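# Geometric and topological summary
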Amino acid sequence: MEAILGRVFETEDFEGGDLDGGLWRGCTFRGCTFEDARLTGCQFEGCVFRYCEFSGTEFSRCALENCTFEGCRLFSVDFDGCKLVGTAFRDCTVTALDISGGNWAYTVLRGVSLHKGDLTGVKFDGADLSGCDLSGANLTGGSMREVQLAGADLRDADLRGCDLWGTDLAAAKAYRGARIDLSEAVRLAEQRGFQVEV
């Protein structure tokens, strides 16, 4: 498919459509509907989605880099093996987001609920997860280097095998029951001035 550059889409209906392998660069989508759409291998670069509807939408092996979602509604949306580096979700209503693998480095997901999400192996390096509900989430085997967690809920989250270098877990508002590796427990104790002897 030929690249689509700098176009503005107003109230377009992509509902139920199959968008395969397209490239959109610097485009703006306003009030568009992507309900039940299946996007496979698509690339969105520097695009803005404003007040769009994503319900039952499936993103598979897509790249949405340095994009912005503003005031959108995302309900039961699947991201399978996607790359969302530098993408921000602002003032969006997000429910039942399903993330399977992929690279979400430097994303802005402030206040988004990922409660009990299976986030195994997902890369969140440098992401802003302030105020996120990560309670009960499975983050094993992933990477959360230098992540912002101010006010996040980590209760009962599983962080074993997750690379947490440079991330202050204590910044979370709650973390009772969260599981971490012994090496991470030692690091947290040392951050608080304890001298750990093993």
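Calculation criteria
Residues numbered from 1 in each chain as written. Predicted model: local features only at pLDDT ≥ 70, side-chain atom pairs only at ≥ 80, totals over all residues. Heavy atoms only, no water. Helix = DSSP H or I, 4+ residues; strand = E, 2+ residues; numbered from the N terminus. Buried < 20%, exposed > 50% of the residue type's maximum accessible area, 1.4 Å probe, protein only. Contact = heavy atoms within 4.5 Å. Areas by Shrake-Rupley, 256 points an atom, 1.4 Å probe, with all protein chains shown as cover. Lys, Arg positive; Asp, Glu negative; His and termini not counted. Charge placed at Lys NZ, Arg CZ, Asp CG, Glu CD. Pairing = 2+ DSSP bridges. Axes fitted to C-alpha atoms, helices over the stretch in contact; angles between N-to-C directions. Salt bridge = Lys/Arg side-chain N within 4 Å of Asp/Glu carboxyl O. Core = buried A, V, L, I, M, F, W, Y, C linked by side-chain atoms within 4.5 Å. Patch = residues over 30% accessible without salt bridge, like charges linked within 9 Å, V, L, I, M, F, W, Y side chains within 5 Å. Phe/Tyr/Trp six-rings, centres within 6.5 Å; stacked < 30°, edge-to-face > 60°.

### Examining the overall build of the chain
Assigned secondary structure in the chain consists of 1 helix and 17 strands. With the C-alpha coordinates of the chain rotated into their principal frame, the extents come out at 60 × 25 × 20 Å. Going through the 198 residues of the chain one by one, you find that 45% of them count as buried. For the chain, restricting intrachain contacts to residue pairs at least 6 apart in sequence, the fraction spanning at least 24 positions comes to 0%. With the model as given, the accessible surface of the chain reaches about 9,500 Å², and the carbon-plus-sulfur share is 44%. Considering the chain, the positive charge centre built from 20 side chains and the negative charge centre built from 32 side chains are found 4 Å apart.

### Digging into the sheet that holds strand S3 (residues 18-20)
In space, the 5 strands of this open sheet follow the order S3-S6-S10-S14-S17, with parallel pairing throughout. Sheet topology places S3 and strand S17 (98-100) at the edges, where each strand pairs with a single neighbour. Ignoring which end each strand starts from, the neighbouring axes of this sheet average 10 degrees apart. Summarising the sheet, strand S10 (residues 58-60) and strand S14 (residues 78-80) pair through 3 bridges and their orientation is parallel. Bridging across to S14, Glu58 finds its partner in Asp78.

### Re the side chain of Ser135
Topologically, Ser135 is positioned in the loop between S17 and helix H1 (182-191). Under the relative-accessibility criterion, Ser135 is labelled buried at 9%. Beyond its immediate sequence surroundings of up to four residues, Ser135 is in contact with His115, Lys116, Asp153, Leu154 and Arg155.

### Focus: the pattern of salt bridges
Counted according to the given criterion, the structure contains 11 salt bridges. Put simply, Arg30 and Glu10 hold a salt bridge, and the shortest N to O gap is 2.7 Å. Here Glu10 lies in strand S2 (residues 8-10) and Arg30 lies in strand S5 (residues 28-30), a separation of 20 residues in the sequence. Using a relative accessible area of 33% as the deciding quantity, one classes Arg30 as partly exposed. For the salt bridge of Asp153 with Arg155, the shortest nitrogen-to-oxygen distance reads 2.6 Å. Where salt bridges share partners, they join Asp158, Arg160 and Arg179 into one cluster.

### A look at the sheet that holds S5
What the 5 strands build is an open sheet, ordered S2-S5-S8-S12-S15; its pairing is parallel. Looking at strand neighbours, the two that pair on one side only are S2 and strand S15 (88-90), the edges of this open sheet. Recorded for the sheet is a direction-independent mean angle of 10 degrees between the axes of neighbouring strands. Relative to strand S12 (residues 68-70), strand S8 (residues 48-50) runs parallel, the two sharing 3 bridges. Along S12, the bridge assignment pairs Arg50 with Glu70.

### As for the nonpolar core
A general tendency of soluble globular proteins is for nonpolar side chains to be buried together. Core analysis: the largest hydrophobic core is formed by 57 residues, its most contacted members being Phe29, Phe49 and Phe124. When sequence neighbours within four positions are dropped, the list of residues in contact with Phe49 reads Phe29, Phe34, Phe44, Phe54, Leu64, Thr68, Phe69, Glu70 and Cys72.

### A word on a negative patch on the surface
A contiguous patch of negative charge on the surface is contributed by Glu12, Asp13, Glu15, Asp36 and Glu58. Inspection of the secondary structure puts Glu12 in the loop between S2 and S3. What makes Glu12 partly exposed here is its relative accessible area of 36%.

### Some words on the packing of aromatic side chains
Inspection of every chain in the model, using the stated rule, returns 20 aromatic pairs. Measuring from centroid to centroid gives 4.8 Å for Phe14 and Phe34, while their planes differ by 15 degrees, and the two rings are stacked. Taken together, the residues Phe14 in the loop between S2 and S3 and Phe34 in the loop between S5 and strand S6 (38-40) connect sequence positions 20 residues apart. On the basis of relative accessibility, which here comes to 18%, the residue Phe14 falls in the buried class. On the basis of relative accessibility, which here comes to 1%, the residue Phe34 falls in the buried class. Considering the side-chain rings of Phe29 and Phe34, the 5.8 Å spacing of their centres and the 65 degrees angle between planes classify their relative orientation as edge-to-face. Both residues of the pair, Phe29 and Phe34, count as buried.

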